Amino acid sequence: MPEATDPPQHPHLATLRRLEQSSGKLAAAAIARMDEQLPWYRAMPPENRSWIGLVAQAGIAAFTEWFRHPETPQAISTDVFGTAPRELTRAITLRQTVEMVRTTIEVVEAAIDEVAAPGDEAVLREALLVYAREIAFATAQVYAQAAEARGAWDARLESLVVNAVLSGEADEGAVSRAAALGWNSPEHVAVVLGTAPDGDNELTVEAIRRASRHAKLQVLTGVLGSRLVVIAGGCDDPLKAAKSLIGPFAAGPVVAGPVVGDLLAAPRSAQAAMAGLKACAAWPDAPRPVLADDLLPERAMAGDPVARQLLVEEIYRPLEEAGSALLETLSVYLEQASSLEGAARMLFVHPNTVRYRLRRVTDVTGWSPSDVRSAFTLRIALILGRLADSGGQP
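Residues numbered from 1 in each chain as written. Predicted model: local features only at pLDDT ≥ 70, side-chain atom pairs only at ≥ 80, totals over all residues. Heavy atoms only, no water.

Peer 1: If you had to explain the overall build of the protein to someone new, which residues and values would you point to?
Peer 2: When its secondary structure is counted, the protein shows 18 helices and five strands. The 394 residues of the protein split such that 44% are buried. Relative to all contacts within the protein whose residues are 6 or more apart in sequence, the contacts with residues 24 or more apart total 68%. Working note: accessible area of the protein is about 20700 Å², and carbon and sulfur atoms make up 53% of it. (Helix = DSSP H or I, 4+ residues; strand = E, 2+ residues; numbered from the N terminus. Buried < 20%, exposed > 50% of the residue type's maximum accessible area, 1.4 Å probe, protein only. Contact = heavy atoms within 4.5 Å. Areas by Shrake-Rupley, 256 points an atom, 1.4 Å probe, with all protein chains shown as cover.)

Peer 1: Describe the side chain of Glu298, and please don't skip the residues or the numbers.
Peer 2: Note on placement: Glu298 falls in helix 13 (residues 296-301). With residues up to four places along the chain from it excluded, the contact list for Glu298 reads Ala279, Ala282, Trp283, Arg373 and Phe376.

Peer 1: Describe the pattern of salt bridges, listing the residues and the values that go with them.
Peer 2: Per the stated rule, a full pass over the model turns up twelve salt bridges. Between Asp293 and Arg299 there is a salt bridge, with its nearest N and O atoms 3.9 Å apart. For Asp293, a relative accessible area of 32% gives the class partly exposed. Since its relative accessible area comes to 1%, Arg299 is described here as buried. Its salt-bridge partner being Arg317, residue Glu320 comes within 2.9 Å of it at the nearest N-O pair. (Salt bridge = Lys/Arg side-chain N within 4 Å of Asp/Glu carboxyl O.)

Peer 1: A description of the packing of helix 1 (residues 13-37) against helix 6 (residues 94-110) should follow, citing residues and the corresponding values.
Peer 2: At their nearest, the axes of helix 1 and helix 6 sit 9 Å apart, and the two run at 130 degrees to each other. Taken together, the axes of helix 1 and helix 6 lie oblique to each other. Both helix 1 and helix 6 take part in a crossing whose hand is right-handed. Contact residues: Leu26, Ala29, Ala30, Arg33 and Met34 in helix 1; Met100, Thr103, Thr104, Glu106, Val107 and Val108 in helix 6. The class makeup of the residues in the contact of helix 1 with helix 6 is seven nonpolar, two polar and two charged. (Axes fitted to C-alpha atoms, helices over the stretch in contact; angles between N-to-C directions. Parallel < 35°, antiparallel > 145°, perpendicular 65-115°, else oblique. Left-handed = near helix turned anticlockwise from the far one by under 90°. Nonpolar A, V, L, I, M, F, W, Y, C, P; charged D, E, K, R; others polar.)

Peer 1: Describe the pairing of strand 2 (residues 218-224), naming the residues involved and giving the relevant values.
Peer 2: Burial within strand 2 is extensive, with six of its seven residues counted as buried. Pairing of strand 2 with strand 3 (residues 227-233) involves seven bridges; the strand directions are antiparallel. Bridge pairing links Gln218 to Gly233 in strand 3. The hairpin turn running from strand 2 into strand 3, its antiparallel successor, is two residues long, and Gly225 in that turn takes a positive phi close to 65 degrees. (Pairing = 2+ DSSP bridges.)

Peer 1: Would you mind going over the packing of aromatic side chains in detail, with residue names and values included?
Peer 2: All chains considered together, the criterion is met by three aromatic pairs. A centroid spacing of 6.4 Å and a plane angle of 40 degrees characterise the contact between Phe63 and Phe67, whose relative ring orientation is tilted. Here Phe67 and Phe63 lie together in helix 3 (residues 46-68), a separation of four residues that amounts to about one turn. Phe67 matches Phe63 in its accessibility class, with the two residues each being buried. With a centroid separation of 5.2 Å and 55 degrees between ring planes, the pair formed by Phe63 and Tyr131 is classed as tilted. Here Phe63 is found in helix 3, whereas its partner Tyr131 is found in helix 8 (residues 121-166), with 68 residues between them in sequence. The residues Phe63 and Tyr131 share a single accessibility class, namely buried. Three or more aromatic residues joined by ring pairs make a cluster, and in this case those are Phe63, Phe67 and Tyr131. In this structure, Arg373 packs its charged tip against the face of Trp283, placed 3.5 Å from the ring centre. (Phe/Tyr/Trp six-rings, centres within 6.5 Å; stacked < 30°, edge-to-face > 60°. Lys NZ or Arg CZ within 6 Å of the ring centre and 35° of its normal.)

Peer 1: Before we move on, could you go through the side chain of Thr204 and cite the residues and values that matter?
Peer 2: Secondary-structure assignment places Thr204 in helix 10 (residues 201-215). Since its relative accessible area comes to 7%, Thr204 is described here as buried.

Peer 1: Can you explain the sheet that holds strand 3? Please cite residues and give values.
Peer 2: The sheet built from five strands is open, its strands ordered 2-3-1-4-5 with mixed pairing. Lying at the two open borders of the sheet, with one neighbouring strand each, are strand 2 and strand 5 (290-291). The pairing of strand 1 (residues 189-195) with strand 4 (residues 255-256) spans two bridges and is antiparallel. Across the sheet, residue Val192 finds its bridge partner in strand 4, namely Ala256. Strand contacts of helix 12 (residues 266-279): strand 1, strand 3 and strand 4, with the helix running at about 30 degrees to strand 1, the strand carrying the most contacts.

Peer 1: Can you lay out helix 15 (residues 324-335) for me, pointing to particular residues and giving the numbers?
Peer 2: In this model, helix 15 (twelve residues) spans 17 Å end to end at C-alpha, consistent with the 16 Å of a helix rising 1.5 Å per residue. Looking at helix 15, one finds that the buried residues are Leu326, Leu327, Thr329, Leu330, Ser331, Val332, Tyr333 and Leu334. After helix 15 finishes, the residue Ala337 shows a positive phi value of roughly 55 degrees. (Expected span 1.5 Å × (residues − 1).)

Peer 1: Kindly report on the nonpolar core, identifying the contributing residues and their values.
Peer 2: In this structure, Met34, Trp40, Ile52, Phe63 and Leu124 are the most contacted members of the largest nonpolar core, which totals 33 residues. Breaking this core down by element, the ones donating at least two residues are helix 1, helix 2 (39-42), helix 3, helix 6, helix 7 (112-115) and helix 8. At eight residues, the largest contribution of residues to this core is made by helix 3. Trp40 has contacts with Ile52, Ile92, Gln96, Glu99 and Met100, leaving out every residue within four places of it along the chain. (Core = buried A, V, L, I, M, F, W, Y, C linked by side-chain atoms within 4.5 Å.)

Here it is as structure tokens:
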């Protein structure tokens, strides 16, 4: 029988043993240097400092094992960072982690002459250099994985918030989710709707974010089916906000709902924008983007009860309260194809009187009878107001 042979010894056994014996001392020295040089480390709660200490110890132990078997691939990220909870990546930033790793490596490097056996200093220094490269890659991998997981979770949260606003179910829970995403409750909120482009939805969402940063807007956004939804905060002009965000939308109408006070009221803006998007087909020449309130007549004809109510309450009722002369003059003017002279003859008044009353109509309603589009809106408002007065459905 062949004689049993002893396993081959490590070529740098003396250095390996001295490294194993010094690991605790090196870890303590690394922690002491962090406490001395890194203000953020001193400011951390004791629990987090203890986890960082374990990471430093695990890093030195992993280097020892790596030095023992340099030819064997080592799962450095698991060996080192697996000792700490996943929450640690939220407690310390990537920059802080790099500083922690650099400090630990510097402590080990400074002790090489003491730890290495005579003649092994260069070997140990070269091994530490290679290991430092590997630990740098492992650090980047850990934070990249954490960022991907956090990004996926944030995307799900954002989708829940956007869906709640669109379905009219926004509540305090949605506000809390939005706050977790960095939404700091801006005073002015408006919802912008349009068609989502083909392709990667994540790229579309990121394009909206870039546009919002440029416009200094806060946004919550998502692609729901074929629709691209943007909840924009921080601008009291919804048309201006929509114009600054319109780039990523696909061809077709883009509708901005009215400004509301906060996220809890955002469903009202979303409902107006959805109704406007549905009614846009009736106004092929509508500007892009367009305000939902500029589509009130089309929305009313498409069956939107909110639009019908707004036309009656914001146009017909104020004219009614201003006196019967304004309602009568507007009605006759519209029936006479917007002719001042024709309306004057029908009313038995001077054309200047008609002109004065029409200016009053504009002052009261904000819509000018001499503008074709405004005249159409005023006509629909008169029809709906008369239906409401007669007891019919407006």
